[in-house]
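In case you want the letters, here they are:
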There are 2 protein chains.
Amino acid sequence: MIARHFTRPARHTGVMLGVGDDCTLLAPTPGHQLAVSVDTSLAEVHFPHAAPAAAIGHRALAVSLSDLAAMGATPRWCLMALTLDDADDAWLEPFAQGFDTLCARAGIDLVGGDVTRGPLSVSVTVHGEVPPGEALTRHGAHEGDLLAVTGSLGGGAGGLAAWQSGERSLDDPLLAAYLLPEPRLAAGQALRGLASAAIDVSDGLLADLQHLCDASGLGAALELEALPLAQGLVERLGEGALQAALSGGDDYELLVGLPEGALESAQRALGALGVPLTVIGRFTATPGIQGVEANGPGGWQHFSGATP
Amino acid sequence: MIARHFTRPARHTGVMLGVGDDCTLLAPTPGHQLAVSVDTSLAEVHFPHAAPAAAIGHRALAVSLSDLAAMGATPRWCLMALTLDDADDAWLEPFAQGFDTLCARAGIDLVGGDVTRGPLSVSVTVHGEVPPGEALTRHGAHEGDLLAVTGSLGGGAGGLAAWQSGERSLDDPLLAAYLLPEPRLAAGQALRGLASAAIDVSDGLLADLQHLCDASGLGAALELEALPLAQGLVERLGEGALQAALSGGDDYELLVGLPEGALESAQRALGALGVPLTVIGRFTATPGIQGVEANGPGGWQHFSGATP
C-alpha cells in the first residue's frame, strides 16, 4: 500500500537512501540549522472525517509546514505516521494526491512513514533548513515594534461553521480557508532579517499573540478595526465574525513583530509574493493585550477563547 | 501538560532552540548523514492498553530506536506525537519517565512533540547520525555471507502469550522482552564496517530475512536448530516455540549478513557489549528461504506467518 500510493522519486536533493530501508538517509546542507516540528491531525478533532480525502492530505501537511513558515525555514523533508480505519484505494489515492501536490509546491520530499490500522489520524514530522541565527522565533520583539499579520483572519473558524451548516463546495472561500490552508512558506522566508519575532496563528490570534508577548517579555495593543477579516466572514457569522478572527484559530497566517523601519521592506517583499501584510497593533512594555476591551457590549469579555 | 511531564534540559549537544517555539532548531554534525524513521504504537494493536505506563513509554521509543540500530546510526533527537484518551497525571508521569529513561540511556533528546485527545497512540520520529557510506543497509549481502542474529528470538511473541495468559510481572523474562525491548544500538554501531547488510527483527525472522534477501537479490539457507530461542520460550509455548522464533515478530534483534572473515571480529565486538551473536544460516544465490521445510511434521508449512 505504501509502495502504491506514497512512493515517488525524490524531487529534491539530499535524499541518499529513500523509503524501503529501516531509516532514510539524508544529507543536511552544510552550515545550516535543521528546524523540526510534528503535528497530529485527528478525524473529528482537527478535521471532519467526511472532508474530501485530498483536503485531509493537504491539510495534515499544511499545518506542519506552517510551523516551518513561522521560523522562516526552507522545507526539505517530511515523514508521515498514518493511522487508517479503512485502507480503501478510492480514499487513499486522492489523500496521497492532496499530500503530494502540496509537497511538490512546498519543495519538500516525503522520505518516511508508518501505516497503522485504527482511528483516522495523520501525524506529519517536517524538516526545514535555515542559516544559523536567521530563524524567526517567538522571542525577539521589542517595545514599539509593529504587530502585523499576513492574509486574513477568521477563515478557519468561518469555514468550520460553513461545514457545520452543510456547505460542501471548496469554491466557498471560507470552507477553502479551513480545509485547504496555505502555509505562508515564502512569506516566512522573505521576513527573515526583517521581522523581530514570528508565530503562526493556529490557536487563534489572541492566544498566539500571548505566546509572542510571553516569549518576548512584552504586552501588545491591538487595533480591532484594523483586523483583516476573511472574505465572507461577516456574511457567514455576523456579530461572531470578530470573535472568529480573535480566537477561532486554524488560520495558519503569520503573526509578526516588525521594527517600524522594516515595515515598508516587508510589505514590498510580501506584496511581490501576493501576500497582504496588515499592521494590527504594536508591542508595548505593559504586559497583557490591550484593545480587546474596546469592543463594547458583546465584545471580548463575553468570549470564551475556545474554538467555536 | 507538556511542560510538566516532558520538558527536560537537553542532555546532549546540537539543540540550538528547544521545545516552546514553532520548531526546534538543531545543529547536525558536519559531514554526517541524518538517519530518520517514524513508528506508531497504537493501544490494543501494538501493546496492551493496560500495560504499565512506563513500559508503554519505553516501548514506543524502543521500536523507533531499533530502526536506528539497524542502520548503525548514533541516536541524536526524537519527536513524539502523543494521542491520549485520559490525560491523567498518574499515568503520564510513569509514561514520561519510561520514555525519558530510555532517552537518557540511548543518548537521545526529545526535542518536539504534539499532544492530542483521542485513542491512545504514540508516534515517535527518531533522528540519528552516521558517517557517509558507513550506514548498514538491507542491501549489500553477498552469496556465501553468514546470516547472524543478536540476542534471542521469540521473546516478543512469547511475552504476548504470557500477557494473554495473565502474566503481569516484568520479572518474567518473556514479558520483559515483549514490553521492554532493548534496541541494539551499541551492537548496530559496532557492526559498521563488519556487517554486509542489516535489518531489525520487527515483523518476524522469516519476513525480515525475506526483506534482506529481496534487497540483496539473494536467498538464504536457515539452520533451524541454531536459532537462539528466548529464555523460557519452550516452557511457555511448547511446540509453538519455533513458530514464535520464526514468525512472531516484535523481537527487535538485529539480523545481519557477515562475510565469513568478519565473524570473529563481530563476535568479539558484540561480546564486549554483552550481546550474543549467533550464526543461523548463510546467504545463497538461490532465491527463497531454505531450511524451514526441514522442520518435519508440525513445522513451518503449518504456520500462518501471522503474529499469534
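Residues numbered from 1 in each chain as written. Chains lettered and ligands numbered in written order. Predicted model: local features only at pLDDT ≥ 70, side-chain atom pairs only at ≥ 80, totals over all residues. Heavy atoms only, no water.

## A few points about the overall build of chain A
1) Next: Secondary structure summary: chain A contains 10 helices and 12 strands in total.
2) Next: In summary, chain A has a C-alpha radius of gyration of 20 Å against a globular reference of 19 Å for 308 residues, a match within 12%.
3) Next: Judged by the C-alpha coordinates and their principal axes, chain A covers about 55 × 50 × 30 Å.
4) Next: The buried share among the 308 residues of chain A stands at 58%.
5) Next: Across chain A, contacts joining residues at least 24 apart in sequence account for 84% of those joining residues at least 6 apart.
6) Next: For chain A, the accessible surface area stands at approximately 11,300 Å², while carbon and sulfur atoms represent 52% of it.
7) Next: Of note, chain A has its 14 positive side-chain charges centred 6 Å away from the centre of its 35 negative side-chain charges. (Helix = DSSP H or I, 4+ residues; strand = E, 2+ residues; numbered from the N terminus. Rg over C-alpha atoms; globule rule 2.2 N^0.38 Å. Buried < 20%, exposed > 50% of the residue type's maximum accessible area, 1.4 Å probe, protein only. Contact = heavy atoms within 4.5 Å. Areas by Shrake-Rupley, 256 points an atom, 1.4 Å probe, with all protein chains shown as cover. Lys, Arg positive; Asp, Glu negative; His and termini not counted. Charge placed at Lys NZ, Arg CZ, Asp CG, Glu CD.)

## A word on the UniProt feature "binding site: ATP" (unreviewed entry) in chain A
1) Next: In the numbering used here, UniProt assigns the feature "binding site: ATP" (unreviewed entry) to G113, D114, R138 and S202 of chain A. Taken along the chain, the residues just named run across 90 residues; in space they spread out, the farthest C-alpha pair reaching 31.6 Å.
2) Next: Within the secondary structure, R138 of chain A sits in the loop between β6 (121-130) and β7 (146-150).
3) Next: Filtering out sequence-adjacent residues up to four positions away, R138 of chain A remains in contact with A197, A198, I199, H211, L212, A215 and S216 of chain A together with G20, D21 and D22 of chain B.
4) Next: Given a relative accessible area of 23%, S202 of chain A falls into the partly exposed group.
5) Next: Leaving out residues up to four positions away in the same chain, S202 of chain A has contacts with D208, G249, D250 and Y252 of chain A. (UniProt positions renumbered as here; feature names shortened; annotations may be inferred.)

## Details of the UniProt feature "domain: PurM-like C-terminal" (unreviewed entry) in chain A
1) Next: As recorded in UniProt, the feature "domain: PurM-like C-terminal" (unreviewed entry) lies at residues 143-289 of chain A.
2) Next: When the span residues 143-289 of chain A is considered, its composition is 39% helix and 18% strand, and the gap between its end C-alpha atoms is 13 Å.

## Quick look at the pairing of β7 of chain A
Residue and element names in this part refer to chain A.
1) Next: Burial within β7 is extensive, with five of its five residues counted as buried.
2) Next: Relative to strand β10 (residues 254-258), β7 runs antiparallel, the two sharing four bridges. Within β10, the position partnered with V149 by the bridge is L255.
3) Next: Sheet topology note: the β7/strand β11 (residues 277-284) ladder contains five bridges and is antiparallel. Bridge pairing in β11 links T150 to L277. (Pairing = 2+ DSSP bridges.)

## Describing helix α4 (residues 155-164) of chain A
Counting along an α-helix, one turn takes 3.6 residues, and residues three or four places apart therefore face a common direction.
All names here are of chain A.
1) Next: Of all the 10 residues making up α4, eight are buried; the element is thus mostly covered by neighbouring parts of the structure.
2) Next: Where α4 is concerned, the buried positions are G155, G156, A157, G158, G159, L160, A162 and W163.
3) Next: Residues of α4 that are buried in the fold lie against α5 (173-179), α8 (233-237) and α9 (241-247).
4) Next: Of the residues one or two after α4, G166 is the one with positive phi, at around 105°.

## Quick notes on the packing of aromatic side chains
Residues and elements named next belong to chain A.
1) Next: Scanning the entire structure with this criterion turns up two aromatic pairs over all chains.
2) Next: Seen in terms of ring centroids, W91 and F95 are 4.8 Å apart; in terms of plane orientation they differ by 15°. Their pairing is stacked. Of this pair, W91 and F95 both sit in helix α3 (residues 89-106), separated by four residues, roughly a single helical turn.
3) Next: Cation over ring: R168 sits above W163, and NZ or CZ is 3.5 Å from the ring centre. (Phe/Tyr/Trp six-rings, centres within 6.5 Å; stacked < 30°, edge-to-face > 60°. Lys NZ or Arg CZ within 6 Å of the ring centre and 35° of its normal.)

## Observations concerning the relation of the copies chain B and chain A
1) Next: After a rotation of 180° and a shift along the axis of 0.0 Å, chain B superposes on chain A with an RMSD of 0.0 Å. Each copy turns onto its partner about a two-fold axis. Judged by C-alpha distance, P30 of chain B is the residue of chain B that lies nearest the rotation axis, at 3.2 Å.
2) Next: Comparing interface residues between copies, 100% of those in chain B also sit at the interface in chain A, which points to an isologous, same-surface contact. (Least-squares fit on C-alpha atoms with pLDDT ≥ 70 in both.)

## Topic: the interface of chain B and chain A
1) Next: With 49 residues of chain B at the interface, the matching set in chain A holds 49 residues.
2) Next: Together, the buried faces of chain B and chain A total about 3,700 Å²; carbon and sulfur atoms form 62% of this surface.
3) Next: On the chain B side of the contact with chain A, D22, L34 and V36 of chain B bury the most area, a combined 18% of that side's loss.
4) Next: R138 of chain B serves as the salt-bridge partner of D21 of chain A, at 3.9 Å between the closest nitrogen and oxygen.
5) Next: In this structure, the connection of chain B to chain A is made through 14 residue pairs in polar contact (both at pLDDT 80 or more).
6) Next: Taken together, the elements giving at least two residues each to the side of chain B that touches chain A come down to β1 (15-17), β2 (24-26), β3 (33-42), α2 (53-71), β4 (74-84), β5 (109-117), β6 (121-130) and β8 (197-200) of chain B. (Buried area = accessible area lost by both parts, 1.4 Å probe. Salt bridge = Lys/Arg side-chain N within 4 Å of Asp/Glu carboxyl O. Polar contact = N/O pair within 3.5 Å; in protein donor to acceptor, adjacent residues only side chain to side chain.)

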